[in-house]
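# Results of the structural survey
Below, each chain spelled out in residue letters.
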Amino acid sequence: MIPESSPRKTLGFIINPVAGMGGAVGLKGTDGRQTLERAIALGAKPIAAERAKTFLNALLSVRPHLKMLVGVADMGEDEVKKLGYVCSVIGETKTETTSEDTQAVATAVVEAGVDLLVYCGGDGTTRDIQKAVGMKLPVLGVPTGVKMHSALFATSPQAAARVVIEYLWRGLPVQEAEVMDIDEQVFREGHLSAKLYGYMLSPFEPHLIQGNKMESPLTENEVENQAAIALYVIEAMQQSILYVVGPGTTTRTVADLLDQKKTLLGVDLFLNKQIVAQDVNEKQILKQINANPTAKILITPIGGQGFIFGRGNQQISPQVIRQVGINNIIVIATKNKLAQLNHLRVDTGDTELDNQLRRSGLRVIVDYKTTQHMSIE
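Structure report, in brief. Residue positions are counted from 1 within each chain, in the order its sequence is given. pLDDT decides what is reported in this predicted model: residues at 70 or higher carry local features, side-chain atom pairs at 80 or more are listed and counted, and totals for whole chains, interfaces and linings draw on all residues regardless. Based on all heavy atoms of the structure, the side-chain values leave hydrogens and waters out of the count.

All right, on to the overall build of the chain then. When helices and strands are tallied, the chain shows 13 helices and 16 strands. Accessibility here uses a 1.4 Å probe with only protein chains present; expressed as a share of the type maximum, an area under 20% marks a residue as buried, one over 50% as exposed, and anything in between as partly exposed. Buried residues in the chain amount to 56% of all 377 residues. Contacts: residue pairs with any heavy atoms within 4.5 Å of one another. Intrachain contacts of the chain at a sequence separation of at least 6 include 68% that bridge at least 24 residues. Here, Shrake-Rupley sampling with a 1.4 Å probe gives the accessible areas, and only protein chains in the shown set may cover a residue. When the accessible surface of the chain is summed, it comes to about 16,100 Å², and 48% of that surface belongs to carbon and sulfur atoms. Starting at the N terminus, helices and strands are each numbered in turn, a helix being any DSSP run of H or I of at least four residues and a strand any DSSP run of E of at least two.

Here it is in structure tokens:
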């Protein structure tokens with residue numbers, strides 16, 4: 001809470017309505033009209049409004065002290081007005097929004113003058129915001145996309161609300177944060193090629209801001225450590241149990257030692273130590289789990305960020321995790337990767353499930369027959 005006498009602040013707020021829709025259906029992004037149409041055809045549902053609602057609910061304690069400048073209709077206005085925030089609206093209502101609409105609203109926000117701009121989206125949205133804002137005002141991202149390599153995102157919508165309060169009324173410093181993005185087409189083909197597009201100013205709070213993704217070093221020790229972990233996992237694999245295996249080089253090493261061709265950046269399904277389905281989406285995973293009621297999830301955290309769910313593997317949805325069960329989650333990470341993390345992180349979009357995971361923590365396999373308990377935030 002902040003004192004009643006606290007000054008009123010002005011917050012810019014923009015939602016990319018289609019952000020994140022490619023995640024659960026395994027498209028690894030939603031940039032471009034063709035990808036969006038494909039996502040919809042695969043059964044993708046909008047998630048941005050719900051993420052925005054979670055953020056706005058967490059911000060309600062300071063609602064009397066806020067004025068908002070928001071995008072029209074589903075670009076911010078709808079969710080803000082539902083919760084009774086005072087706001088001014090920018091833009092004209094459209095049946096479909098584009099990156100140009102995001103840039104136009106962001107430009108108007110800059111011209112009008114705000115204390116902070118908050119947006120709901122992923123790396124593509126971040127680039128759109130950067131084109132309009134540059135270094136003119138501080139910016140904060142509410143994680144809503146599939147790809148979130150940029151260093152402007154809070155660890156969750158709730159964390160974003162805490163950062164807003166700390167920055168606007170308690171004087172958080174700002175830093176220059178990296179704007180990163182990848183080529184989605186190349187990404188879908190199994191190659192990760194992240195590019196630095198520039199910087200924006202952003203509030204600095206290392207416990208609540210995720211930072212940018214760090215790649216695993218290809219040192220001899222790292223490769224040997226990955227192989228030792230993979231061998232231990234393979235020895236423990238049981239017959240007739242379905243393994244839902246997430247993306248990453250450490251999980252791919254398990255497949256390599258089994259002489260199986262795993263997708264580096266997708267989710268694959270293993271049964272009896274063989275791949276039975278590659279690059280699956282949420283619907284396909286659930287179908288296989290229903291056919292094989294006993295299942296386990298095998299994942300590795302994102303380097304430098306620590307996320308095990310909610311970044312780049314949204315196909316492993318809350319429903320998938322609940323059906324498999326928390327006790328059937330296997331986390332693997334090299335000693336070097338884990339040494340750079342104080343804790344693991346989750347942001348599934350299901351607050352109850354996230355809290356369950358945080359209460360229990362998880363053991364991480366870090367070497368052959370060697371585990372380490374990690375807390376979750």
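Moving on, there is more to tell.
A few words on the packing of helix 4 (residues 99-112) against helix 5 (residues 123-133). As a rule, the C-alpha atoms of each element are fitted with a line to give its axis, helices using only the stretch in contact, and angles between N-to-C directions run from 0 to 180 degrees. Two elements in contact, helix 4 and helix 5, have axes separated by 8 Å at closest approach and are oriented at 40°. With respect to helix 5, the element helix 4 is oriented oblique. You can see that helix 4 and helix 5 cross each other, and the crossing is right-handed. Contacts from Ser99, Thr102, Gln103, Ala106, Thr107 and Val110 in helix 4 reach Thr125, Asp128, Ile129, Lys131, Ala132 and Val133 in helix 5. Each angle receives one of four descriptions, namely roughly parallel if under 35 degrees, roughly antiparallel if over 145, roughly perpendicular if within 65 to 115, and oblique otherwise. Helix crossings fall into two classes, left-handed where the near helix is turned counterclockwise from the far one by less than a right angle and right-handed where it is turned clockwise.

A few words now on the pattern of salt bridges. By definition, a salt bridge exists where a carboxyl oxygen of Asp or Glu is found within 4 Å of a side-chain nitrogen of Lys or Arg. For the structure shown, the criterion picks out ten salt bridges. The partner of Asp101 in a salt bridge is Lys94, with the nearest N and O atoms 2.7 Å apart. Overall, the relative accessible area of 45% leaves Lys94 in the partly exposed class. Put simply, Lys262 and Asp268 hold a salt bridge, and the shortest N to O gap is 3.6 Å. You can call Asp268 buried: its relative accessible area is 0%.

Pairing between strands is defined by DSSP: at least two bridges between them are needed. Strand order in the open sheet formed by seven strands is 10-9-8-11-13-15-16, with mixed pairing between adjacent strands. Two strands bound the open sheet, and with one partner strand each, they are strand 10 (274-277) and strand 16 (370-374). Going across the sheet, the axis of each strand differs from the next one's by a mean of 35°, ignoring polarity. Pairing of strand 8 (residues 242-245) with strand 11 (residues 295-299) involves four bridges; the strand directions are parallel.

All right, on to the sheet that holds strand 2 (residues 66-71) then. One open sheet accounts for five strands, arranged 3-2-1-4-5; its pairing is parallel. Of all the strands in the sheet, just strand 3 (86-90) and strand 5 (139-143) have a single pairing partner and so form its edges. Averaged over all adjacent pairs, the angle separating strand axes in this sheet is 25°, with direction ignored. Contacting strand 1 (9-15), strand 2, strand 4 (116-121) and strand 5, helix 2 (residues 48-58) crosses the sheet at an angle of about 160° to strand 1.

Inspection of the secondary structure puts Thr300 in the loop between strand 11 and strand 12 (307-309). The exposure class assigned to Thr300 is buried, which follows from its relative accessible area of 8%. The definition of a polar contact used here is a pair of N or O atoms within 3.5 Å, where within protein one atom must be able to donate a hydrogen and the other to accept one, and adjacent residues in sequence count solely through side-chain atom pairs. Within polar-contact distance, the side chain of Thr300 engages the backbone oxygen of Ile332 at 2.6 Å. Within the structure, Thr300 has its side chain in polar contact with the side chain of Lys337 (distance 3.3 Å). Sequence-distant contacts of Thr300, that is, excluding residues within four places in its chain, are made with Pro247, Gly248, Thr250, Thr251, Phe307, Ile332, Ala333 and Lys337.

Okay, the pairing of strand 9 (residues 268-271) next. By the alternation rule, side chains of strand 9 split into Asp268 and Phe270 and Leu269 and Leu271, which are all buried. The sheet contact formed by strand 8 and strand 9 spans four bridges and is antiparallel. Bridge pairing links Tyr243 to Phe270 in strand 9. By the bridge criterion, three bridges tie strand 9 to strand 10 in an arrangement that is antiparallel. Note on strand 10: the bridge partner recorded for Leu269 is Ala277. Hairpin connection, strand 9 to strand 10: the antiparallel pair is bridged by two residues, and Asn272 has positive phi, about 55°.

On their own, these measurements won't tell you what the molecule is for.
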